[in-house]
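Survey of secondary and tertiary structure
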Amino acid sequence: MAVIYYVKDGAHPNNTDAGRELPLSTIESRIQGRRVQYLGVVPPEINKDAPSQYYCRVVVEVEANDSPSAPFDKVGFFLLTDLSPSQAEPIIFKGAAVPYRL
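What comes next concerns the included structure. Fair warning: this is a prediction, and the values are worked out from it, not measured in the lab.

Reading the values: rules and limits
- Residues numbered from 1 in each chain as written.
- Predicted model: local features only at pLDDT ≥ 70, side-chain atom pairs only at ≥ 80, totals over all residues.
- Heavy atoms only, no water.
- Helix = DSSP H or I, 4+ residues; strand = E, 2+ residues; numbered from the N terminus.
- Buried < 20%, exposed > 50% of the residue type's maximum accessible area, 1.4 Å probe, protein only.
- Pairing = 2+ DSSP bridges.

This part covers unusual backbone geometry. The omega angle of the peptide bond from His12 to Pro13 is -5°, so this bond is cis rather than trans. With respect to the secondary-structure elements, Pro13 resides in the loop between strand E1 (2-7) and strand E2 (20-22). Cis geometry marks the peptide bond from Ala70 to Pro71, where omega comes out at 0°. Among the secondary structure elements, Pro71 is positioned in the loop between strand E4 (57-62) and strand E5 (76-80). Non-glycine residue Asn14 carries a positive phi angle of around 65°.

This is how it looks when you write it as structure tokens:
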């Protein structure tokens, strides 16, 4: 299962929510045509010098057991560059209640 995080700009800690899991294939099918940027294998710090008060980014973590494929072609973290959390919610989760990770 891949993990979708909503992320605040700024440094760690506490710049992400708890994350929610979905099959990678489900995420891929729901974000077709969206821009994806690979961030690396460590949790990202985005705009470290300009922290935000609210979650403003959507990041997908692809784990080793996810069988990476396009556009998520590596293990690690990917930024959905053209989606905010409020835009991503109905696209990725389609109104279904997907619990946060415990």
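That covers the picture; the talk isn't over yet.
Within E5, 5 of the 5 residues are buried, which leaves the element mostly enclosed by the surrounding structure. Strand direction decides the pairing type here: strand E3 (residues 36-40) and E5, joined by 4 bridges, are antiparallel. By the bridge assignment, Gln37 is partnered in E5 with Leu79. Here E4 pairs with E5 via 4 bridges, running antiparallel.

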